[in-house]
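Chain residues, written in single-letter form:
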Amino acid sequence: MQLTPKRFFDFCASHVPLLHALASKTGDVSEAQVRQTIRAFSDDQAELPETTWQRLLELQIMLPLEEGSSHYVMAQPLLQLLNF
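Residues numbered from 1 in each chain as written. Predicted model: local features only at pLDDT ≥ 70, side-chain atom pairs only at ≥ 80, totals over all residues. Heavy atoms only, no water.

**Student:** Would you mind showing me how to read the pairing of strand β3 (residues 71-74) here?
**Tutor:** Regular strands place side chains that alternate from one sheet face to the opposite one. Residues Tyr72 and Met74 line the buried face of β3, whereas the alternating positions His71 and Val73 sit on a face that is not buried. Pairing of strand β1 (residues 29-30) with β3 involves two bridges; the strand directions are antiparallel. Its bridge partner lying in β3, Ser30 is registered against His71. Turn length for the strand β2 (residues 62-64)-β3 hairpin, with the two strands adjacent in sequence and antiparallel, is six residues, and the turn residue Gly68 shows positive phi of about 80°. (Buried < 20%, exposed > 50% of the residue type's maximum accessible area, 1.4 Å probe, protein only. Helix = DSSP H or I, 4+ residues; strand = E, 2+ residues; numbered from the N terminus. Pairing = 2+ DSSP bridges.)

**Student:** What's the story with the pattern of salt bridges in this structure? I'm lost.
**Tutor:** One side chain can pair with another of opposite charge once the charged atoms of both are near each other. For the structure on display, the rule yields five salt bridges. Measuring nitrogen to oxygen at the nearest pair gives 2.8 Å for the salt bridge that ties Glu58 to Arg7. On the criterion of sequence distance, the pair formed by Glu58 in helix α4 (residues 49-58) and Arg7 in helix α1 (residues 5-14) is long-range, its members being 51 residues apart. Assessed through its relative accessible area of 17%, Arg7 is described here as buried. Here Glu50 ties to Arg35 by a salt bridge, and the two come within 2.6 Å at their closest N and O atoms. Separated by 15 residues along the polypeptide, Glu50 in helix α4 and Arg35 in helix α3 (residues 31-41) bring together distant segments of the chain. When its relative accessible area of 23% is taken as the criterion, Arg35 is described as partly exposed. (Salt bridge = Lys/Arg side-chain N within 4 Å of Asp/Glu carboxyl O.)

**Student:** Honestly, a nonpolar patch on the surface in this entry has me stumped. Any pointers?
**Tutor:** On the surface, a nonpolar cluster with roughly 420 Å² of combined accessible area is contributed by Phe9, Leu81 and Phe84. Inspection of the secondary structure puts Phe9 in helix α1. (Patch = residues over 30% accessible without salt bridge, like charges linked within 9 Å, V, L, I, M, F, W, Y side chains within 5 Å. Areas by Shrake-Rupley, 256 points an atom, 1.4 Å probe, with all protein chains shown as cover.)

**Student:** Sorry if this is basic, but what is going on with the nonpolar core here?
**Tutor:** Grouped burial of nonpolar side chains is what soluble globular proteins tend to show. Within the largest apolar cluster, 19 residues are counted, with the highest numbers of intra-cluster contacts made by Val34, Leu56, Ile61, Met62 and Met74. For this core, the secondary structure elements donating two or more residues are α1, α2 (16-23), α3, α4, β3 and α5 (76-83). Among the elements that line this core, the one with the most residues is α2, at four residues. Apart from residues no more than four positions distant in its own chain, Ile61 is found in contact with Phe8, Phe11, Cys12, Leu19, Leu56, Val73, Met74, Ala75 and Leu78. (Core = buried A, V, L, I, M, F, W, Y, C linked by side-chain atoms within 4.5 Å. Contact = heavy atoms within 4.5 Å.)

**Student:** I keep staring at the side chain of Thr37 and nothing clicks. Help me out?
**Tutor:** By the secondary structure assignment, Thr37 is in helix α3. Residues in contact with Thr37, not counting those within four places in the same chain, are Leu18, Ala21, Leu22 and Lys25.

Put into structure tokens, the structure is as follows:
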């Protein structure tokens, strides 16, 4: 699916508490930590945690530290926006 501004911002708008929680973590986080945070903020009626995880990757909100890594950081532009 194509990455469009509307799709990106719609996801962000519906996941504000999750994004704030991820942004508050300093440094890199493991995939397990991200998934745990997703579960803490998920509404299984609206979206499964696995779907949320896939959207975070597809929309390039969470980026691997390096190719094939299981540690992630939030995309710098979004992190700056949330800190603004």
